[in-house]
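Residue-level structure breakdown
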Amino acid sequence: SKFYASYIGNKISNHFDEETDNKTIEEENKENYNNENISLQQKRKKKDKIENHISKNVQEKIQSEKNKINLHDEEVPNDSETQAEQIDNDIETPKYFNGELREYQKQGFQWLKVLYENGINGMLADEMGLGKTIQIIALLCHLIEKRQNGPYLLVVPLSTVPNWLIEFERFAPKLPVVLFHGAIKERQAARKKINQKYTITLSYSTLPIVLTTYEVAMTEHSFLKSLKWRYIIVDEGHKIKNYQCQLIKC
């Protein structure tokens, strides 16, 4: 019938139009995709170009800095060693110290001086045999040379007393050292020596360095507390374990 023929014709026409529309959409999508790819490629090329430019500049700067460092090393070889030697050379041995300090002993001595000048306590913790005794004697020589009036208190274990006396006699014979130890009569005689001044130069005299032991320090704590000590040194400082130990209480 005419109606059926018209229906079939419209159907075919619509199908053809849909295919045409689909092709058009596909072509547009393909074109857009190609355009996007071209755009991405351009962006990547531009990005790569920028990165290469930055990388080149960075590499040039790095190389320039390396050249400066190499040039500096050639001009000033072993700079750290030179500075260390300069520091050691600047540290003068105290006037009343009869001997030579090793380089590391000079550094320890200098450190002790800085602590004293800034009113700071410290612990000289070099290993055994490296000359802590000598560094302390050098410090005392320096303080007396600078006319820092005594008395000075040096508390040591009984077993080390002979060594301290020998080292003072060897390295600082001009320093007045009083041994505060022994029986009651000996300690009473030592008290008089502690309270008198000793001549260092024609124009300068000072109270002495008092060498005593832990045991005597605890026994004579009342007398020792009555004196205004310029400096207190404790040998084998690990014996002072905390603020509750007997020596601190004394």
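Residues numbered from 1 in each chain as written. Predicted model: local features only at pLDDT ≥ 70, side-chain atom pairs only at ≥ 80, totals over all residues. Heavy atoms only, no water.

As annotated in an unreviewed UniProt entry, the protein carries the name Lymphoid-specific helicase-like and is attributed to Ceratina calcarata.

**Considerations on helix H3 (residues 103-117)**
Look at H3: 21 Å from first C-alpha to last across 15 residues, which is about the 21 Å you get at 1.5 Å a residue. Along H3, the positions that sit buried rather than exposed are Gln105, Lys106, Gly108, Phe109, Leu112, Lys113, Leu115 and Tyr116. Once H3 finishes, Gly119 follows within two positions and takes phi at roughly 65 degrees, a positive value. (Helix = DSSP H or I, 4+ residues; strand = E, 2+ residues; numbered from the N terminus. Expected span 1.5 Å × (residues − 1). Buried < 20%, exposed > 50% of the residue type's maximum accessible area, 1.4 Å probe, protein only.)

**Some words on the packing of aromatic side chains**
Given two aromatic rings, their pairing is described by the distance between the two centres and the angle made by the two planes. Enumeration according to the criterion identifies four aromatic pairs in this entry. Seen in terms of ring centroids, Trp164 and Phe168 are 6.0 Å apart; in terms of plane orientation they differ by 35 degrees. Their pairing is tilted. Here Phe168 and Trp164 lie together in helix H5 (residues 161-171), a separation of four residues that amounts to about one turn. In this pair, the class of Trp164 matches that of Phe168, namely buried. (Phe/Tyr/Trp six-rings, centres within 6.5 Å; stacked < 30°, edge-to-face > 60°.)

**Some points on the packing of helix H4 (residues 132-145) against H5**
With their axes 10 Å apart at the nearest point, H4 and H5 run at an angle of 55 degrees to one another. Between H4 and H5, the interaxial angle falls into the category oblique. Of the two possible hands of crossing, H4 and H5 adopt the one that is right-handed. Of the residues in H5, those in contact with Thr133, Ile134, Ile136, Ile137 and Leu140 of H4 are Asn163, Trp164, Glu167, Phe168 and Phe171. (Axes fitted to C-alpha atoms, helices over the stretch in contact; angles between N-to-C directions. Parallel < 35°, antiparallel > 145°, perpendicular 65-115°, else oblique. Left-handed = near helix turned anticlockwise from the far one by under 90°. Contact = heavy atoms within 4.5 Å.)

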